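For reference, the chains in residue letters:
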Amino acid sequence: MAKKKSILDLHKMKQSGEKAVWVTAYDYPMASFAEQAGMDMILVGDSLGMIVYGYDGTVPVTMEDCIIHSKAVRRGAPNTFIIGDMPFGSYHISDGDAVYNACRFLKEANCDAIKLEGGARVASKVKAISDAGIVVFGHIGLTPQSAGQLGGFKAQGLYVDSARSLIKDALAIQEAGALALLLEGVPPELTEFISKKLTIPVYGIGAGIPCDGQVLVLGDLLGMFQNFTPKFAKKYANLAEVVTNAFKEYAEDVRCGNFPEEKHVYHIKDSIEDFERLFEEFKES
């Protein structure tokens, strides 16, 4: 089994041009599968609000939700670099709140890093968490927690003015002490510029190839989330169809008397006569 990567390893990968691969996961089984597949990192994303709990977005997700799922993911992937995603409201009020909640991911769930959304406006939070000795991943572009301000889940940086703002945000996040940055829903031309401009690893989701690695949401990658599939997601499996068909086959077998079969049952160890006498005892009572 490969050794768990550190943030230093991720920086060396950027320098050598080796792409890092990560995926979201929210529970023990999927985390274990991701580790077996050799993922460099796992993000316990607040996307669990939609994938696991069926919310319309990520805003309702709580710290308790994130901690519980991060614990499960760590148990499933003990040798993988794990990032805890700070949910809406966990770092917005004050730098102190941000540090306290970031610490929880390390102390309670044994995460290796945290991720939070926003650019220059959260720089003080990034600095405070980083100064506390915690690895911070920034996240700019299409930021789901603030999708309301963006007018929905829309790509960002498509025009010069908005691209300029994103470049300033990227620089501010690096200056504040973040050790990696995620770009979501931005054009590859901008991704390439930011990736080359920053010394820290720059990863993408819906941001094209020219960056230091890619992340995808598990529900999109495996075809589990049926409400919609983002343009930038490639569906590598269709588990929704596989699982639904398995449920249908099981239901049909039960209704037709085809399950359980002989191989699925346990048989008595004492004689049938002994059991018949037992049954007689209760018939008389």
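Only a predicted model underlies this, so the values are computations on that prediction, with no experimental measurement involved.

**Student:** Whenever I open this one, the overall build of the protein chain confuses me. Can you help?
**Tutor:** Tallying secondary structure elements over the protein chain gives 12 helices and eight strands in all. Taken over C-alpha atoms, the radius of gyration comes to 24 Å for the protein chain, far larger than the 19 Å a tight globule of 285 residues would show. With the principal axes as the frame, the protein chain shows a C-alpha extent of 85 × 40 × 35 Å. Within the protein chain, the fraction of its 285 residues that count as buried is 47%. In the protein chain, the proportion of contacts linking residues at least 24 apart, taken out of those at least 6 apart, comes to 58%. With the model as given, the accessible surface of the protein chain reaches about 15,300 Å², and the carbon-plus-sulfur share is 56%.

**Student:** When you look at the packing of aromatic side chains in this model, what are you seeing that I'm missing?
**Tutor:** Aromatic ring pairs are described here by two measures, namely the spacing of the ring centres and the angle between the planes. Inspection of every chain in the model, using the stated rule, returns seven aromatic pairs. Residues Trp22 and Phe137 carry aromatic rings whose centres are separated by 5.8 Å and whose planes lie at 75° to one another, so their mutual orientation is edge-to-face. One end of the pair, Trp22, is in strand S1 (residues 20-24); the other, Phe137, is in strand S5 (residues 136-141), and 115 residues separate them in sequence. By relative accessible area, Phe137 is classed as buried at 0%. Chaining the aromatic ring pairs together yields one cluster made of Trp22, Phe81, Phe137 and Tyr203.

**Student:** Help me out: how do you make sense of the nonpolar core in this one?
**Tutor:** Soluble globular proteins: nonpolar side chains tend toward being buried together. Counting 72 residues, the largest nonpolar core has Ile129 and Phe137 as the members making the most contacts within it. The contacts of Ile129, once residues within four sequence positions are left out, are Met86, Ala98, Val99, Ala102, Ile114, Leu116, Ile134 and Val136.

**Student:** Sorry, what's going on with helix H4 (residues 63-76) here?
**Tutor:** Every α-helical turn comprises 3.6 residues, leaving residues that sit three or four positions apart pointing alike. Its 14 residues place the ends of H4 20 Å apart at the C-alpha level, agreeing with the 20 Å of an ideal helix rising 1.5 Å per residue. Turning to H4, the residues buried within the fold contact helix H2 (28-36), strand S2 (41-44), helix H3 (48-51), strand S3 (81-85) and helix H5 (95-109).

**Student:** Explain the packing of H5 against helix H6 (residues 123-131) here, please?
**Tutor:** When two helices pack together, their arrangement is given by the angle between the helix axes and by the axis-to-axis distance. Taken N-terminus to C-terminus, the directions of H5 and H6 make an angle of 45°; their axes are 9 Å apart at the nearest point. Taken together, the axes of H5 and H6 lie oblique to each other. The interaxial crossing formed by H5 with H6 has right-handed handedness. Counting all contacts with H5, which are made through Asp95, Ala98, Val99 and Ala102, the residues of H6 involved are Ser124, Lys125, Ala128 and Ile129. The residue makeup of the contact of H5 with H6, split by class, is five nonpolar, one polar and two charged.

**Student:** Any chance you could explain the layout of surface pockets here in plain terms?
**Tutor:** The gaps of empty space that remain are located by a probe, the size of a water molecule, rolled over the atoms. There is about 1,000 Å³ of room inside the largest pocket. Looking at the lining of the largest pocket, the elements with two or more residues in it are S1, H3, strand S6 (180-184), strand S8 (213-216) and helix H10 (218-221). Among the elements that make up the lining of the largest pocket, the one with the highest residue count is S1 (five residues). Residues that form the lining of the largest pocket fall into these classes: 28 nonpolar, 10 polar and 10 charged.

**Student:** I keep staring at the side chain of Asp112 and nothing clicks. Help me out?
**Tutor:** Structurally, Asp112 is set in the loop between H5 and strand S4 (113-115). Here Lys4 takes part through its side chain, which lies 2.8 Å from a polar atom of the side chain of Asp112. Setting aside its immediate chain neighbours within four residues, Asp112 contacts Lys4, Arg74, Thr80, Phe81, Ile82 and Val135.

**Student:** Even after reading the chapter, I still don't get unusual backbone geometry, so can you show me in this structure?
**Tutor:** Trans is the prevailing form of peptide bonds, just as negative phi is the prevailing case for residues other than glycine. Residue Pro260 is bonded to the preceding Phe259 through a cis peptide linkage, with omega at 0°. Take Pro260: it is sitting in the loop between helix H11 (239-256) and helix H12 (272-284). Backbone geometry at Asn110 places phi at a positive 60°, although glycine is not the residue there. The residue Asn110 is located in the loop between H5 and S4 in this model.

**Student:** What's the story with the pairing of S1 in this structure? I'm lost.
**Tutor:** When a strand is regular, its side chains alternate between the sheet's two faces. With respect to burial, S1 is a largely interior element, four of its five residues being buried. Of the pairings in the sheet, the one linking S1 to S8 comprises four bridges and is parallel in character. The residue of S8 that forms the bridge with Val23 is Leu216. Taken together, the three bridges between S1 and S2 define a ladder with parallel strand orientation. Bridged to Thr24 within S2 is Leu43.

**Student:** What am I meant to see in a nonpolar patch on the surface here?
**Tutor:** A cluster of nonpolar side chains, Val52, Tyr53 and Tyr55, forms an exposed patch at the surface whose accessible area comes to about 250 Å². Secondary-structure assignment places Tyr53 in the loop between H3 and H4.

Cut-offs applied
Residues numbered from 1 in each chain as written. Predicted model: local features only at pLDDT ≥ 70, side-chain atom pairs only at ≥ 80, totals over all residues. Heavy atoms only, no water. Helix = DSSP H or I, 4+ residues; strand = E, 2+ residues; numbered from the N terminus. Rg over C-alpha atoms; globule rule 2.2 N^0.38 Å. Buried < 20%, exposed > 50% of the residue type's maximum accessible area, 1.4 Å probe, protein only. Contact = heavy atoms within 4.5 Å. Areas by Shrake-Rupley, 256 points an atom, 1.4 Å probe, with all protein chains shown as cover. Phe/Tyr/Trp six-rings, centres within 6.5 Å; stacked < 30°, edge-to-face > 60°. Core = buried A, V, L, I, M, F, W, Y, C linked by side-chain atoms within 4.5 Å. Expected span 1.5 Å × (residues − 1). Axes fitted to C-alpha atoms, helices over the stretch in contact; angles between N-to-C directions. Parallel < 35°, antiparallel > 145°, perpendicular 65-115°, else oblique. Left-handed = near helix turned anticlockwise from the far one by under 90°. Nonpolar A, V, L, I, M, F, W, Y, C, P; charged D, E, K, R; others polar. 1 Å grid on protein atoms, 1.4 Å probe; cavity = no way out; pocket = protein on both sides within 12 Å on 5 of 7 lines; lining within 4 Å. Points joined across faces, edges and corners; volume = space filled by probe spheres on them. Polar contact = N/O pair within 3.5 Å; in protein donor to acceptor, adjacent residues only side chain to side chain. Pairing = 2+ DSSP bridges. Patch = residues over 30% accessible without salt bridge, like charges linked within 9 Å, V, L, I, M, F, W, Y side chains within 5 Å. Salt bridge = Lys/Arg side-chain N within 4 Å of Asp/Glu carboxyl O.

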